[in-house]
Structure formats: C-alpha cells, structure tokens
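# Residue-level structure breakdown
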Amino acid sequence: MKQKEGFILRTVCGENVIVGEGLGTIDFGKLISLNETAAWIWKKAAEMGNFSVDSLTDALCQEYDVDAQQAHDDVAKMIAQWKELGIVEE
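Reading the values: rules and limits
- Residues numbered from 1 in each chain as written.
- Predicted model: local features only at pLDDT ≥ 70, side-chain atom pairs only at ≥ 80, totals over all residues.
- Heavy atoms only, no water.
- Core = buried A, V, L, I, M, F, W, Y, C linked by side-chain atoms within 4.5 Å.
- Buried < 20%, exposed > 50% of the residue type's maximum accessible area, 1.4 Å probe, protein only.
- Helix = DSSP H or I, 4+ residues; strand = E, 2+ residues; numbered from the N terminus.
- Contact = heavy atoms within 4.5 Å.
- Arc of directions from axis to C-beta.
- Polar contact = N/O pair within 3.5 Å; in protein donor to acceptor, adjacent residues only side chain to side chain.
- Phe/Tyr/Trp six-rings, centres within 6.5 Å; stacked < 30°, edge-to-face > 60°.

### Brief notes about the nonpolar core
I18, L34, I41, W42, I79 and W82 are the most contacted members of the largest nonpolar core, which has 24 residues in total. Taken together, the elements giving at least two residues each to this core come down to β2 (7-12), β4 (31-34), α1 (36-48), α2 (53-63) and α3 (68-85). Broken down by element, this core gets its largest block of residues, 6 residues, from α1. I79 has contacts with M1, F51, S52, V53, L56 and V88, leaving out every residue within four places of it along the chain.

### Observations concerning the environment of L34
With respect to the element layout, L34 can be found in strand β4. The class of L34 is buried, set by a relative accessible area of 8%. As a C-alpha pair, L34 and E15 span 19 residues in sequence and 7.5 Å in three-dimensional space. When residues no more than four places from it in sequence are discounted, the contact partners of L34 are L9, N16, I18, A39, W42 and W82.

### Quick notes on α2
Every buried residue belonging to α2 is among V53, L56, T57, A59 and L60, and all of these are buried. Buried positions in α2, seen along its axis, are confined to an arc of 165° and lie on one side of it.

### Considering the side chain of Q3
Along the polypeptide, Q3 turns up in strand β1 (residues 2-3). For Q3, the side chain forms a polar contact with the main-chain oxygen of W42, separated by 2.8 Å. Ignoring any residue separated from it by four or fewer positions in sequence, one finds Q3 in contact with W42, A45, A46, G49, F51, I87 and V88.

### Concerning the packing of aromatic side chains
Inspection of every chain in the model, using the stated rule, returns 2 aromatic pairs. Look at W40 and Y64: their rings are 5.6 Å apart centre to centre, the planes differ by 80°, and that puts the pair in the edge-to-face class. With W40 in helix α1 and Y64 in the loop between α2 and α3, the pair connects residues that are 24 residues apart, well separated along the chain. Overall, the relative accessible area of 17% leaves W40 in the buried class. The exposure class assigned to Y64 is partly exposed, which follows from its relative accessible area of 29%. Ring geometry for W42 versus W82: centroids 4.9 Å apart, planes at 85°, classification edge-to-face. Taken together, the residues W42 in helix α1 and W82 in helix α3 connect sequence positions 40 residues apart. A single burial state applies to W42 and to W82, both of which are buried.

Structural data, given as structure tokens:
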C-alpha cells in the first residue's frame, strides 16, 4: 500500500498533524494528530513509498526497543485507521 497523494505531515503549534493539500483532498477538511511514534511511522512509510504492516513493523523494531508482536498490532491498527480515513491506499 502507499500514502495517498496530497497528504503530508506538518508540525502545527508543536503537534504532528497530517493535512490534505491540493485539489485531490478538497473534501478532506480534517487534521489528523499523530504522536511522535505515529509521525515517525508516517515518515518511514513515505520513505518506503510502498509499504506493508510487516515492513513498517520491522522498521519500527529496528528503530525502537519494542516488542515485535506489540509493534505489529499497533502498526496494523494505525494503518487500518489510515485506510478508514482515506489517507492510504492499496
């Protein structure tokens, strides 16, 4: 899967948020706040271009001291939310 075009991570008043920019996101009208780890995962997904739950979980485990199963569950939940919001696509 990949991030939909036009959605970018910005820092607004010290908060990490995903915002929609451009005509393709005109109906979005939301800011999605991310904690530090979620923002790191969003950036890593952007670097990868195409990503999966497993590839992001592996990257997360290499960067942070975190239990692999917990990381997998958290990444899967986050990606499911991103899909629901329409900011990532298959």
